[in-house]
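Below are the chains, spelled out letter by letter.
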Amino acid sequence: MKLLIIGGGAGGPAAASRARRLDEDAHIIMFERGEHVSYGHCGLPYHIGGVIKNRGDLLISTPENFKQVYNVDVRVRSLVKSITPDTKQIEVVDLNTGDSYQEQYDKMILASGASPIKPPLPGIDMEGIFTLRNLTDADRINQFINERKPQKAVVVGGGFIGLEMAENFKNLGIDVTVAEMLDQVMPSMDREMADIIHQVLKLHGVKLQLSDPVAGFQRKDGQIVVNLKSGLELPCDMVMLSIGVRPNLELAKSAGLAVGEVGGIKVDEHMQTSVPDIYSVGDAVETTHLVTGKPVLIPLAGPASRQARIAVNNIYGRNEKYRGTLGTSLVKVFELGIGIVGANEKTLEQHGIKYEKCYLHPFSHVTYFPDSAQMNMKLLFSPDDGRVLGAQVLGTDAIDKRIDTFAAAISAGMSVEDLTHLELGYVPAYGSAREAVNIAGYVASNILNGDMPIEHWDNMDELLESDGVFLDVREKDVIGVGTIPGAKNIPLHELRDRLSELPKDVPLYVYCNVGLESYIATRLLRQHGFDARNMSGGYGIYKCECLGSDADKPAESAAPESRDTAVAAESTSSDKPQTIEQLDACGLQCPGPIMKVKQKMDELQAGSVLEVSASDTGFATDLPAWCRSVGHEILSVEVRDGKIVGRVRKSGPGSQEAVPQAVGESAPQTVPKADLPREKTLVVFSNDMDRIIAAFIIANGSAAMGYKVNMFFTFWGLNVLRKSEKVKIKKPLIERMFTWMMPRGSSKLTLSKMNMGGMGTRMMKAEMRKKNVHSLEELIEMAREQGVRLVACTMTMSIMGIHKEELLDGVEEGGVAAFLEDADHSNVTMFI
Ligand code: FAD
């Protein structure tokens, strides 16, 4: 048997060594156009970043080694020019001499791989623009970095190679922007999960420019300028182009091999091409996706290697079938591990496959054992038979074993119920008795068997249109990280005693931070006859689905926040050296870290600084949001040894309170301030509908963030508080005329501009309904439910002839002294 193997990357060497193990007598030749065979492609970004220092370590094997161990004739710098199936011959060019020669084959394995996509954009061939596929590319990039010492790089494309390169550039001290045409990095994940990667990138000072395709490249003042479609220009010293790969098809086409519908070499289950005796494996072929059953191109090393073994087994008559590809992949972005397997939502929708989804946040191992870290997990499954369709897991520890377990489950066609029965290993250092994959099975099974009906945030429009009530079961202290305006807050531990406050005739959309407390609340409420539904994934997913993520902000607002800048910022806040209180909130499930910070801050003196570390990546955004809401000064947030470490200074008398600052913003400016009040006061003077809507939105938002809110209605503002129905009161003529001429209640208010005889106001109300914006009446009702104080000015009531009976129930009366007292207690007073 004479076996020719074309390509010495991953598939070729795997095929050569397998062939030798099956056939000691075979004549095996492997051709590789490059200089190296069998090296670690996957380590190339880390060699550039200096993590893998010794280039030689990447060489898994050499031609000499192949000869000695496997007796394989490896010919590097040997380009196979063409294949002639009729005569079973190939033409080879020796790139050292330029000479061509022919070789005969009995069987052939074509493992020609793929090449980076380089679209024909203006300036794409400019010096300093690189792609990375092989060791030679890595050598070129290393040489450029060593000689030119670039300060700024733009990585075009946020796939796994792009992100690995961004991390490694950053580690070399190069300022990096990732430019991506989609609205997320890692397109094989769903958007809300990719948002966690966005946060981590930003925490490390990598700038993101999303939803903005590259239009071309220019050279200006000695720099490369990356021109984006939006018109934005990104000047830099080097560009890493990583927008995907395309199968190498030249040889396949020369041999007349059929190409499939997604552009890879078409092979059957035996890895046999359309031409007899020619097999093909790896990035060059298209295979069947195990979940969708459709052809796919999934360029990964694992499938290439397994396909090579199967192709050789079939050459030797073993009749083995390749079952399909799942796209099981792992990526590391700084300390964040990312695992993806099976289909994501986009793929399932594209192929019309019905699915249900759930989110959970289990720990990598028991929380009492050091270094336990919370994971973000998403499971996709069939609502009909529970078959597992896909999973996405992110976290700083042990996400790989979870993704691999899901991969095994999907390969075996298991259902979510099967996941609950898996017996998985446990010891405190490595897992939990209630193992994460089992828990995923429980959560999904609860949904399927009706124990825990769920609603999804991406369905928010419909939920808002329904009569349902949003119920926030988090502790009041945690709500500072953000909440849904108008939601009712009853902390889980008070729920049993406050059931009477909840309606039974409408759905209750129950949420907490991640979905666990809300699950407990949902079960409690359902057993008491409420139509409770758990908002899947909690407030964390709401933030991404409904508020848009941080990643949507332009790159400039996410300026790099290095540890040095954070500490420098802190030293500007106070001249006195301070002892820093330490707090370890690692291993706590969200909202645990915030609760722990709250408790600790309560114990500290005003002006004290607390340094808190948490393993929950969401803490990076929760801590600044919480500080903003309660008025403490956020000094820094950074990643240290895989943990989120934040520094907070307690506000209060004697302290210097800074304008709160979000992660990635520039250094805080300090403004002197005494105690920080917890009240907001609004003076409502106007009766224009638009102004009043704005006033109530502010009032509701403030109340939801835990502030006491006072609204002081005076002059025309009093009309807002009038009942809409007529109230029979004896009044003098002048008062009667006044009350007759003024709008009676909120429903009669009109727009301050473009009223157009009432048409504009009607159009605005219709538009608000269409866009699910609460009506003014609903906003007023929400404010009353949230305990906002509505105070009518007694002096203007008297002037305008408005009597208490004409005002909504519960409206208080007060004079200027009452207002001034409220204003005194407030840190914001607004005049509307
Ligand atoms: P290749 O390994 O590309 O080998 C094909 C070879 O064929 C090439 O060396 C090419 O020079 C040669 N060739 C092509 N045409 C001819 C010809 N006419 N004559 C002679 N020789 C020819 N995958 C993972 O699963 N995990 C990872 O973490 C990961 N990280 C990666 C990081 C980087 C930077 C890169 C570039 C890839 C990474 N991959 C990863 C992908 C993985 O390397 C590929 O899926 C795998 O190498 C595919 O193997 P292959 O044999 O099909 O193709």
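Residues numbered from 1 in each chain as written. Predicted model: local features only at pLDDT ≥ 70, side-chain atom pairs only at ≥ 80, totals over all residues. Heavy atoms only, no water.

1. Considerations on the site of the ligand
Where we set the bar: Only heavy atoms are used to decide nearness, and a residue is near a molecule or strand if one of them lies within 4 Å of it. As used in this structure description, the phrase polar contact means that two N or O atoms lie within 3.5 Å; if the pair is within protein, one of them must be able to donate a hydrogen and the other to accept it, and residues adjacent in sequence are counted only when both atoms belong to side chains. Each accessible area value is a Shrake-Rupley result obtained with a 1.4 Å probe; residue values ignore everything except the protein chains displayed when judging cover. Secondary structure follows DSSP: runs of H or I at least 4 residues long count as helices, runs of E at least 2 residues long count as strands, and numbering of each begins at the N terminus.
Every one of the 29 residues lining the ligand counts as a neighbour, but Gly-11, Glu-32, Arg-133, Asp-283 and Ala-301 are closest to it. Measuring from an oxygen atom of the ligand, one finds a backbone N or O atom of Leu-300 at 3.3 Å. For the ligand, the protein covers 91% of the area, taking 990 Å² as the surface of the free molecule. Of the residues forming the shell around the ligand, the biggest block, three residues, is contributed by strand β4 (residues 78-84).

2. Comments concerning the nonpolar core
What counts here: Among buried residues, the Ala, Val, Leu, Ile, Met, Phe, Trp, Tyr and Cys ones that are joined through side-chain atoms within 4.5 Å form a nonpolar core. Type-normalised accessible area, obtained with a 1.4 Å probe on protein chains alone, sets the label of each residue: buried when under 20%, exposed when over 50%, and partly exposed for intermediate values. Pairs of residues are marked as contacts when any of their non-hydrogen atoms sit within 4.5 Å.
Ranked by size, the top nonpolar core spans 53 residues in total, and within it Phe-169, Ile-197, Leu-201, Ile-338, Trp-457, Phe-470 and Ile-484 carry the most contacts. Sequence-distant contacts of Ile-197, that is, excluding residues within four places in its chain, are made with Leu-163, Val-185, Met-186, Met-189, Val-333, Leu-336, Ile-338 and Leu-394. Formed by 46 residues, the second largest nonpolar core is a distinct cluster that contains Val-74, Leu-249, Ala-255 and Val-285.

3. Re the pairing of strand β22 (residues 329-333)
Inclusion rule: For two strands to be treated as a pair, DSSP must find at least two bridges joining them.
Here β22 shows a buried face lined by Ser-329, Val-331 and Val-333 and an unburied face lined by Leu-330 and Lys-332. Two strands pair when backbone bridges link them, and β22 and strand β23 (residues 336-342) are joined in this way by five bridges, in the antiparallel orientation. Following the sheet pairing, Val-331 is matched in β23 by Ile-338. Counting the residues between successive antiparallel strands, the hairpin from β22 to β23 contains two residues, one of them, Phe-334, with a positive phi of roughly 55°.

4. Comments concerning the sheet that holds strand β33 (residues 609-614)
The strands that make up a sheet are held in pairs by hydrogen bonds between backbone atoms, and each pair lies either parallel or antiparallel. To keep it simple, the criterion reads: Helix axes are fitted to C-alpha atoms over the stretch in contact, other axes to C-alpha atoms as well, and angles between N-to-C directions run from 0 to 180 degrees.
Across the sheet, four strands lie side by side as β32-β33-β35-β34; this open sheet has mixed pairing. The open sheet has two free edges, formed respectively by β32 (580-584) and β34 (633-640), since each of these has just one partner strand. The sheet shows a mean angle of 20° between the axes of neighbouring strands, taken without regard to direction. Where β34 meets strand β35 (residues 643-649), seven bridges bridge the pair, whose relative direction is antiparallel. Bridge pairing in β35 links Val-637 to Gly-646.

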